[in-house]
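# Secondary and tertiary structure notes
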Amino acid sequence: MPLSDPYPDSLTPPKGVSGGFVDSLKPYPYDPEKAKSLLKEAGFPSGFSVSFKAPNGRYLQDKAVAEAIVGQLEKVGIKAELETAEWATYVQGITGRKYELFLLSQGGVQIGPAAQTNWSSKIKGIAWQGYENPQVDALIDKAAKTLDADARRAVYEEMSKTVWDDCPWIFLYHQQDIYGVRDKVKGFKPSSEGSVRLENTEVTA
C-alpha cells in the first residue's frame, strides 16, 4: 500500500503539466471518523499494525513527513511501525514489492508514464503494487494509442476520475520548490513538472 505525492491535492497533475488535469477532482477530506468507520466495515474495528518504510534525506523533510503520517494513522487506530532506509536499499524494496506501506514521491512525471508506472496491471511498472482495474488498464492502453492531444487528454481525465474513486494510493501533497536567480540570468521559468528546464534560459555577461 503506497503513500505518494505525485500531484497536488489529488491524483491529477498541476495545471501546466500536459494531459490529465481534472479541475473537478477535489482533495479527499480529512475525516478520521469516516476512516474508523471504514476500518470497522473492513473487519478491523480496533485497527491494525503495519510496517511503514520511508526514505531519509531523499525528499524535503521526508522523515518528518513520515513521522506526521504515523501520528495521523495512530489517531484512527492504525499502528505504523516506521523504519527509514538509505535510497538505494529503499528503491530495491519498492521494485521488489517488499513493503506493506511506503512513502514515494513522483514529482515531474507526466500523466502517461505515471499511469503506466503506478496503475497498469498489464505493464506492472516499478511502483506498481498490485492495483488491478480492467477499465483503467484499457484507458491507459487507449491513451497510449491516441495521437490527437485533446482526445488523449479526455481519456486520461476519465482514467483519473476512475483511479480517484478507487484510491489505490493515498495521495498526499505536491512539494513546493524555491528557486533563486541572479539578474544576469534571463528567460528562466520554474516548471510545474518539478524539473528544471533551461532550453529558453540565457546567462548574460
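Position numbers for residues count from 1 along each chain, tracking the sequence in the order it is written. Under the rules for a predicted model, residues below a pLDDT of 70 receive no local features and side-chain atom pairs below 80 are neither given nor counted, while totals for whole chains, interfaces and linings still include all residues. In computing side-chain values, all of the structure's heavy atoms are included and hydrogens and water are not.

What follows is about the overall build of the protein chain. When helices and strands are counted, the protein chain shows six helices and seven strands. For the protein chain, the α and β elements follow one another from N to C terminus as β-α-β-α-β-α-β-α-α-α-β-β-β. Burial classes follow relative accessibility: with a 1.4 Å probe on protein chains only, a residue under 20% of its type's maximum area counts as buried, one over 50% as exposed, and anything between as partly exposed. The buried share of the protein chain, reckoned over its 205 residues, is 37%. For the protein chain, contacts bridging at least 24 residues in sequence account for 64% of all contacts bridging at least 6. Secondary structure is summarised from DSSP: a helix means a run of H or I of at least four residues, a strand means a run of E of at least two, and numbering begins at the N terminus for each. Should any heavy atoms of two residues lie within 4.5 Å, those residues are considered in contact.

Tracing the backbone shows Asn133 in the loop between helix H4 (111-118) and helix H5 (134-144). The buried category is assigned to Asn133, whose relative accessible area is 13%. Only 2.7 Å separates the side chain of Asn133 from the side chain of Asp166, close enough to count as a polar contact. Every residue in contact with Asn133, bar those within four places of it in the chain, is listed here: Thr162 and Asp166. Identification of polar contacts relies on pairs of N or O atoms within 3.5 Å, with a donor-acceptor requirement for protein atoms, meaning one able to donate a hydrogen and the other able to accept it, and with residues adjacent in sequence counted only if both atoms are side-chain atoms.

We now examine helix H3 (residues 87-95). Spacing of three or four residues puts side chains on the same side of an α-helix, whose turn is 3.6 residues. For H3, the set of buried residues is Tyr90, Gly93 and Ile94. Within H3, the buried residues cover an arc of 100° as seen down the axis, which keeps them to one side. In this structure, the buried side of H3 is in contact with strand S2 (48-55), strand S3 (78-85) and strand S4 (101-104). Two or three places before Ala88, at the start of H3, stands the capping residue Glu86, its side-chain oxygen 3.1 Å from that residue's backbone nitrogen. Arg97 lies just past H3 and shows a positive phi near 55°. Here, the arc refers to the directions that run from the helix axis to the C-beta atoms.

Moving on, we come to H4. Of all the residues in H4, the buried ones are Ile111, Gly112, Ala114, Ala115 and Asn118. End-on, the buried residues of H4 take up no more than an arc of 170°, which puts them together on one face. Buried residues along H4 sit against H5 and helix H6 (149-166).

The next point concerns a nonpolar patch on the surface. Patch membership needs two things, relative accessible area over 30% and no salt bridge, and members are linked within 9 Å if like-charged or within 5 Å if nonpolar (Val, Leu, Ile, Met, Phe, Trp, Tyr). Shrake-Rupley sampling with a 1.4 Å probe provides the accessible areas, and residues are treated as covered by the protein chains on show and by no other component. We define a salt bridge as a side-chain nitrogen of Lys or Arg found within 4 Å of a carboxyl oxygen belonging to Asp or Glu. On the surface, a nonpolar cluster with roughly 350 Å² of combined accessible area is contributed by Tyr179, Val181, Val196 and Leu198. Mapping Tyr179 onto the fold places it in the loop between strand S5 (170-171) and strand S6 (185-186). Looking at Tyr179, the relative accessible area reads 31%, which means it is partly exposed.

The next point concerns the environment of Thr95. Relative to the helices and strands, Thr95 resides in helix H3. Residues Thr95 and Trp128, spaced 33 residues apart in sequence, show a C-alpha to C-alpha distance of 8.2 Å.

If you trace the backbone, Gln92 turns up in helix H3. Separated by 34 residues in sequence, Gln92 and Ile126 place their C-alpha atoms 9.7 Å apart.

Quick look at the pattern of salt bridges now. Should their charged atoms come close, side chains of opposite charge can pair. What the rule picks out here adds up to five salt bridges. The salt bridge partner of Arg153 is Asp150, with a shortest N-O separation of 2.8 Å. Of this pair, Arg153 and Asp150 are both found in helix H6, three residues apart, which corresponds to roughly one turn of the helix.

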